[in-house]
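Fold and contact review
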Amino acid sequence: MKKVGLLILLTAFLFGTMEVALKIAGNGLDSFQLTFLRFIIGGIFLFPFAINEIRKNQTKLELKDYGYLLILGIICIPISMLFFQLGVMHSNASTASVIMCINPLFTMIFAHFMSNETFTKNKLIVLIWGTLGLIFMVRPWDIQEGNTPLGVFFMLIAAATFGLYTVAGKNGIKKIGIMAQTSISFIFGSLVLLFLMILMHKPVLQGVGNNIGLVLYISIAVTGLGYYVYFSAIKNSDATTGSIAFFIKPAIAPVIAVVVLHDKLLWNTYIGIGLILIASYLNIYNKKTEEDKIEQEQIEFK
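Report follows, based on the coordinates. (Residues numbered from 1 in each chain as written. Predicted model: local features only at pLDDT ≥ 70, side-chain atom pairs only at ≥ 80, totals over all residues. Heavy atoms only, no water.)

Turning to the overall build of the protein chain, a few remarks are in order. Regarding its fold elements, the protein chain presents 13 helices and 0 strands. If you list the helices and strands of the protein chain from N to C, you get α-α-α-α-α-α-α-α-α-α-α-α-α. Against the 2.2 N^0.38 benchmark of 19 Å for 302 residues, the protein chain shows a C-alpha radius of gyration of 19 Å, consistent with a compact globule. Within the protein chain, residue pairs in contact and separated by at least 24 positions form 89% of the contacts whose partners lie at least 6 positions apart. Of the roughly 14700 Å² of accessible surface on the protein chain, a fraction of 69% belongs to carbon and sulfur atoms. (Helix = DSSP H or I, 4+ residues; strand = E, 2+ residues; numbered from the N terminus. Rg over C-alpha atoms; globule rule 2.2 N^0.38 Å. Contact = heavy atoms within 4.5 Å. Areas by Shrake-Rupley, 256 points an atom, 1.4 Å probe, with all protein chains shown as cover.)

Counted at 1.5 Å a residue, the expected span for helix 8 (residues 149-176) with its 28 residues is 40 Å, and the 39 Å between its end C-alpha atoms agrees. Where helix 8 bends most, at Lys170, the angle is about 45°. A positive backbone phi angle near 100° is found at Gly177, which sits one or two residues after helix 8. (Expected span 1.5 Å × (residues − 1). Bend = angle between axes of the 7 residues up to and from the residue.)

Using the criterion set out here, one finds 1 cavity of 30 Å³ or more in the structure. Here the largest cavity is characterised by a volume of approximately 150 Å³. Taken together, Phe15, Met18, Arg38, Met81, Phe84, Met100, Cys101, Asn103, Phe162, Tyr227, Phe246 and Lys249 make up the lining of the largest cavity. If you list the elements that add at least two residues to the lining of the largest cavity, you get helix 4 (63-89) and helix 12 (244-261). Residues that form the lining of the largest cavity fall into these classes: 9 nonpolar, 1 polar and 2 charged. (1 Å grid on protein atoms, 1.4 Å probe; cavity = no way out; pocket = protein on both sides within 12 Å on 5 of 7 lines; lining within 4 Å. Points joined across faces, edges and corners; volume = space filled by probe spheres on them. Nonpolar A, V, L, I, M, F, W, Y, C, P; charged D, E, K, R; others polar.)

Written out as structure tokens, the structure is:
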């Protein structure tokens, strides 16, 4: 358990630095360009582990599987993660980081319509807490300096579509494997984004040399290593335990934003973070309870 705890803390720290690093790098690089670079490099970083997973599980990918991975990649990279980067650039890093943490709320909603998961009373309570946290975090009656309605809108699209990516990805994980699915969908999605960048005459490598340290940190440490450590935490425990990293992140990311970018945390920010932490805790608790119930029913059935 000590190993799992360290993996969760490292995941939370790496993901907690994400918005700050993206905010700084975004001042010198185009949002399309930065999104492409971090996910193509991150996907390639994960690829050897993906190949190892495929060989170990003796997985045989068919043409329809590649089509499925392409769709996942499109949802994640040129849609969700591009809007995420745009949202970071139009918001305070602390606000962006916390808003992105509500993506599990959208996952619950999409799961209700796209799978056999029912929307229970407990999930409604989680949704209410999370929505209240979002309202206080954004403070729509008097938006905090550094935040913009456009930035909040972009972050909500990013969080919603990442929730969609999570639900859509559940169907293929058992066959393809979590590492392989993530790596290949990242690479496919990045290539689609590259195609769009060429059509739009966006820069691909221009300015990278002046920001190489940040690009490598975001691509390899945050995206590549971050996801690898996260998956390792899941492998050594379970998905619910691994998701504790996203429960910790809303507490870490704003502090890093304050230290590095001098973001200001106002009274509403503390309330918003607190409410979203409650929603995250209840979500994890409900998942764990459901998993324990299913496990107990399987034992009794045997």
